[in-house]
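Residue strings, one per chain:
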Amino acid sequence: MSTDNPEFAPEERRKSAASRDPASPRDSAASAGIRRRLLDEAARTLVEEGPAALSARRLVKAVGASTMAVYTHFGSMPGLVREVMREGFGRFQARVEGVQPAVGLDADPVRELAELCCVYQEFARTEPEVYAVLFGGSALAGFELTDEDRNLGVRLLWFPRDAILRCIAAGRFRADVDADLAVRQLFAQMHGLAQLTRAGYIMGGYEPGDVLEGMLRDFAVAAGDAPDRAARSVRSGLS
């Protein structure tokens, strides 16, 4: 039967593929290894050298693969950047999940909220280029955030939102505080501080930590907490 007829071509290709030997475990492991090295090298390049240094040719040279490896594993350079971004969200979420939820009679949910915000700033400071990709501050290799990508970032807001809800339940914040709105306001403040810190605009005798402490104390007081109590909890969460 001729394979020139497109109606039969898919079946013929399936038969041809079935006649070949399946990939060996060694081949599969090697392929996975190349994929992992490409991701690690892309993340390293972003962190250490910035987005201008990121290119398919440079990446494959560093890991000892052909340029085709980028397209085989990720479809395109934007596809590779998207995977780097998603792994970055994973690392960010792992840090956030390391903060112990404030539950129990003696728990301090305002302290928990401060800890979460401290984690946010630490991630932005230690992985600035990855952070910039995550939150749309860096366009590279034709990559653009999709709504699906942004939903990964929004998912990180669940943790401080839940902390705000615990603040309300504990009587630290007013009962009429809209936790969903409040966490978005807090997110905007955290992102603004991260961006200004990276650009070197926190000057005049104050450090980013001073600004963060004052910001969180005022946020808690505006939500209904007592000023002295808010100050103690925030200071404890940032220490």
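About the thresholds
Residues numbered from 1 in each chain as written. Predicted model: local features only at pLDDT ≥ 70, side-chain atom pairs only at ≥ 80, totals over all residues. Heavy atoms only, no water. Helix = DSSP H or I, 4+ residues; strand = E, 2+ residues; numbered from the N terminus. Expected span 1.5 Å × (residues − 1). Buried < 20%, exposed > 50% of the residue type's maximum accessible area, 1.4 Å probe, protein only. Polar contact = N/O pair within 3.5 Å; in protein donor to acceptor, adjacent residues only side chain to side chain. Patch = residues over 30% accessible without salt bridge, like charges linked within 9 Å, V, L, I, M, F, W, Y side chains within 5 Å. Areas by Shrake-Rupley, 256 points an atom, 1.4 Å probe, with all protein chains shown as cover. Salt bridge = Lys/Arg side-chain N within 4 Å of Asp/Glu carboxyl O. Core = buried A, V, L, I, M, F, W, Y, C linked by side-chain atoms within 4.5 Å. Contact = heavy atoms within 4.5 Å.

Draft legend 1. Structural detail: helix H5 (residues 77–97). Taking 1.5 Å of rise per residue, 21 residues should cover 30 Å, and H5 covers 30 Å from first to last C-alpha, within 8% of that figure. Of the positions making up H5, those classed as buried are Met77, Leu80, Val81, Val84, Met85, Gly88, Phe89, Phe92 and Val96. In this structure Ser76 caps H5, since a side-chain oxygen of it lies 3.1 Å from the backbone nitrogen of Gly79.

Draft legend 2. Representation of a nonpolar patch on the surface in the model. Together, Leu196, Tyr201 and Met203 make up a nonpolar patch on the protein surface, roughly 370 Å² of accessible area in all. Tracing the chain through its elements places Met203 in the loop between helix H10 (179–198) and helix H11 (208–222).

Draft legend 3. Looking closely at the pattern of salt bridges. Inspection of the entire model under this criterion finds 21 salt bridges. With its nearest N and O atoms 3.6 Å apart, the salt bridge here joins Arg86 to Glu148. Residue Arg86 is found in helix H5, and its partner Glu148 is found in helix H8 (residues 147–156); the two are separated by 62 residues along the sequence. The salt bridge involving Arg198 is made with Glu129; its shortest N-O contact spans 2.9 Å. Of this pair, Arg198 sits in helix H10 while Glu129 sits in helix H7 (residues 128–134), and the two are 69 residues apart along the sequence. Assessed through its relative accessible area of 44%, Arg198 is described here as partly exposed. Look at Glu129 and you get buried, because its relative accessible area is 13%. Among the charged side chains, a salt-bridge network with shared partners connects Glu41, Arg44, Glu48, Glu49 and Arg58.

Draft legend 4. Inspection of the nonpolar core at higher detail. Leu38, Ile164 and Phe173 are the most contacted members of the largest nonpolar core, which totals 62 residues. Of all the elements, helix H6 (residues 109–126) adds the most residues to this core, at 9 residues. Each residue touching Leu38, except ones within four places of it in the same chain, is listed here: Leu59, Val60, Val63, Ala69, Val70, His73, Phe74 and Leu80.

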